[in-house]
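Each chain, written out:
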Amino acid sequence: MEAVKGTISEIAGMKMRKLLLQIVSFIMIVVSALMIWKSCMVLTFCESPIVVVLSGSMEPSFARGDILFLTNFDQDYTPGDIVVYTQGSYEIPIVHRLITVQEIEKDGEAYLLTKGDNNNVDDRGLYDNNLTYLNKKHILGKIRAVAPYVGILTILLNDYPYLKYTVIGGMLIMVLVAKDPQS
Amino acid sequence: MHSLKNRFSAICFFTLICMACLSLFNWGTAVIQRKPIDADFSLNKMSKFGVHPYLNEDFAQFKFNLQSDLTGVFDWNTYDLFAFLTVEYESNDGRKTEVTVWDDIILRKNTKQHKIDYKNMQVEYLLSDKNKELRGKTVQVYFNVDHMPVVGFTQKQRVHVGNFTLPEEYLASYSAKRY
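None of the values given here were measured: they were computed from a predicted structure.

Rules used in this analysis
- Residues numbered from 1 in each chain as written.
- Chains lettered and ligands numbered in written order.
- Predicted model: local features only at pLDDT ≥ 70, side-chain atom pairs only at ≥ 80, totals over all residues.
- Heavy atoms only, no water.
- Core = buried A, V, L, I, M, F, W, Y, C linked by side-chain atoms within 4.5 Å.
- Buried < 20%, exposed > 50% of the residue type's maximum accessible area, 1.4 Å probe, protein only.
- Helix = DSSP H or I, 4+ residues; strand = E, 2+ residues; numbered from the N terminus.
- Contact = heavy atoms within 4.5 Å.
- Buried area = accessible area lost by both parts, 1.4 Å probe.
- Salt bridge = Lys/Arg side-chain N within 4 Å of Asp/Glu carboxyl O.
- Pairing = 2+ DSSP bridges.
- UniProt positions renumbered as here; feature names shortened; annotations may be inferred.
- Phe/Tyr/Trp six-rings, centres within 6.5 Å; stacked < 30°, edge-to-face > 60°.
- Lys NZ or Arg CZ within 6 Å of the ring centre and 35° of its normal.
- Patch = residues over 30% accessible without salt bridge, like charges linked within 9 Å, V, L, I, M, F, W, Y side chains within 5 Å.
- Areas by Shrake-Rupley, 256 points an atom, 1.4 Å probe, with all protein chains shown as cover.
- 1 Å grid on protein atoms, 1.4 Å probe; cavity = no way out; pocket = protein on both sides within 12 Å on 5 of 7 lines; lining within 4 Å.
- Points joined across faces, edges and corners; volume = space filled by probe spheres on them.

Draft legend 1. Spatial organisation of the nonpolar core. Membership of the largest hydrophobic core comes to 34 residues, with the highest contact counts inside it found for B:Phe62, B:Leu70, B:Leu127 and B:Phe143. Broken down by secondary-structure element, the contributors of at least two residues to this core are strand 1 (39-51), strand 2 (58-69), strand 3 (78-90), strand 4 (96-107), strand 7 (138-149) and strand 9 (155-165) of chain B. Once you skip the residues sitting within four places of it in the chain, B:Leu127 turns out to touch B:Asp58, B:Phe59, B:Ala60, B:Phe62, B:Val87, B:Tyr89, B:Val99, B:Val101, B:Leu134 and B:Leu166. Of all hydrophobic cores here, the second largest spans 15 residues; its members include A:Tyr77, A:Ile94, A:Leu134 and B:Tyr125.

What follows is the structure in structure tokens.
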């Protein structure tokens, strides 16, 4: 009996278990962040409910680093709505303002034309494949709210890749080295 | 206990909470200030009206007068105003078209801009129609203002300012020319 108890406590005290616990807690953090993101997607009907402004094409209303919140449950677009769209080979979503909405079907599909407030001409030059108008399938969502400069860290991480590696590496080390409150 | 790291994170957290509360207050109280918008619009001259050779759609270009006083429309959560003029009409089978013909960013610090007074202003964007049904169409004109907030929700205001009818035929001087 005594010998069995000794073995169990020996296993319990092994370094291996501790390491596993650290890894699991790290996965927990990542997964819970992913869960929050995915539930936001479900609630807003939008592929990316939060975007960071990456360019100055909507100055002075939106500066680089501003965070925008979007929804997509109401697809009744009107001129003046600021929308996020992707089309063609551009993978980066673009935040611009709608200037023309012309219905193809009644209360349905429409021809949409966008323009950045700070640009001189409309976006036809940006569209791929000689597209003259966007359609509703290109639109990711409509801007609802703004929080200024909250996303400036994303801009910095994008502009300086070494900062990105340092931050991610530092976070990894912090999580793995941090004292577990249970032990 | 009061290590450098603890102090730093406490300061960061407290700042964040304060900023969030102030932002919420700023956004929540701004609505009480808001005034309705009003504008005077009149069509001056139809300068071009024809078929666009590249896009193959009807297009019209015109000059207009616009007066509006936006001084009271600014509230303390307004970063700037995006004022724009839209033209709206329905096609013969009832499909809606809305086209922006002119827009302007009204800055808070530039107080001269707050009183809009444009005489004989050229449209910025063509009034174009993919259905080619613009001839003889009566269109409605709306003056819109989009509040771009410092923090919080964007909000639009719009007011009907008039209507005009496009000519029955394309303007002869322009219809045959290349764009």
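Here the narrative resumes, following the displayed structure.
Draft legend 2. A look at the interface of chain A and chain B. On the chain B side, the residues contacting the 32 residues of chain A number 31 residues. At the boundary of chain A with chain B, total buried surface from both sides reaches about 2600 Å², with 53% on carbon and sulfur atoms. Linking chain A with chain B are two salt bridges, by the criterion used here. B:Asp146 is the partner of A:Arg97 in a salt bridge, and the nearest nitrogen-oxygen pair spans 2.8 Å.

Draft legend 3. Quick look at the pairing of strand 1 of chain B. Residues and elements named next belong to chain B. With eleven bridges joining them, strand 1 and strand 2 adopt antiparallel strand pairing. Looking at strand 2, one finds that Gly50 is bridged to Phe59. Counted along the chain from strand 1 to the antiparallel partner strand 2, the turn is six residues long, and its residue Asn56 has a positive phi close to 55 degrees.

Draft legend 4. Seen up close, the UniProt feature "transmembrane region" (unreviewed entry) in chain A. Listed under "transmembrane region" (unreviewed entry) in the UniProt record, and renumbered for this structure, are residues 19-37 of chain A. Between the C-alpha atoms that bound residues 19-37 of chain A the distance is 28 Å, and the span itself is 100% helix and 0% strand.

Draft legend 5. Looking closely at the packing of aromatic side chains. For the structure on display, the rule yields 13 aromatic pairs over all chains. Between A:Tyr85 and A:Tyr127, the ring centres sit 6.0 Å apart and the planes meet at 85 degrees, which makes this aromatic pair edge-to-face. Of the two residues, A:Tyr85 is situated in strand 3 (residues 82-85) and A:Tyr127 in the loop between strand 5 (110-115) and strand 6 (139-147); the sequence distance between them amounts to 42 residues. A:Tyr127 matches A:Tyr85 in its accessibility class, with the two residues each being buried. For the pair A:Tyr111 and A:Tyr133, a centre-to-centre distance of 5.3 Å together with 50 degrees between the ring planes defines the contact as tilted. Pair noted here: A:Tyr111 is in strand 5 and A:Tyr133 is in the loop between strand 5 and strand 6, with a separation of 22 residues, a long-range link. Joined through ring pairs, the aromatic side chains of B:Phe41, B:Phe62, B:Phe64, B:Trp102, B:Tyr118 and B:Phe164 make up one cluster. If you follow A:Arg124 out to its NZ or CZ, it ends over the ring of A:Tyr133, 4.9 Å from the centre.

Draft legend 6. Structural detail: a nonpolar patch on the surface. Residues and elements named next belong to chain A. A cluster of nonpolar side chains, contributed by Leu19, Ile23, Ile27, Val31, Met35, Ile168, Leu172, Ile173, Leu176 and Val177, occupies part of the molecular surface with about 920 Å² of accessible area. Secondary structure elements with two or more residues in the nonpolar patch: helix 2 (15-44) and helix 4 (161-177). Looking at the secondary structure, you find Ile168 in helix 4.

Draft legend 7. Highlighting the layout of surface pockets. Considered as a void within the structure, the largest pocket measures approximately 650 Å³ in volume. If you go around the largest pocket, you meet 21 residues; those closest to its centre are A:Ala147, A:Val150, B:Ala20, B:Ser23 and B:Val151. Looking at the lining of the largest pocket, the elements that each hand over two or more residues are strand 2 (67-71) and strand 6 of chain A together with helix 1 (4-30) and strand 8 (152-153) of chain B. Broken down by element, the residue count for the lining of the largest pocket peaks at nine residues, all from helix 1 of chain B.

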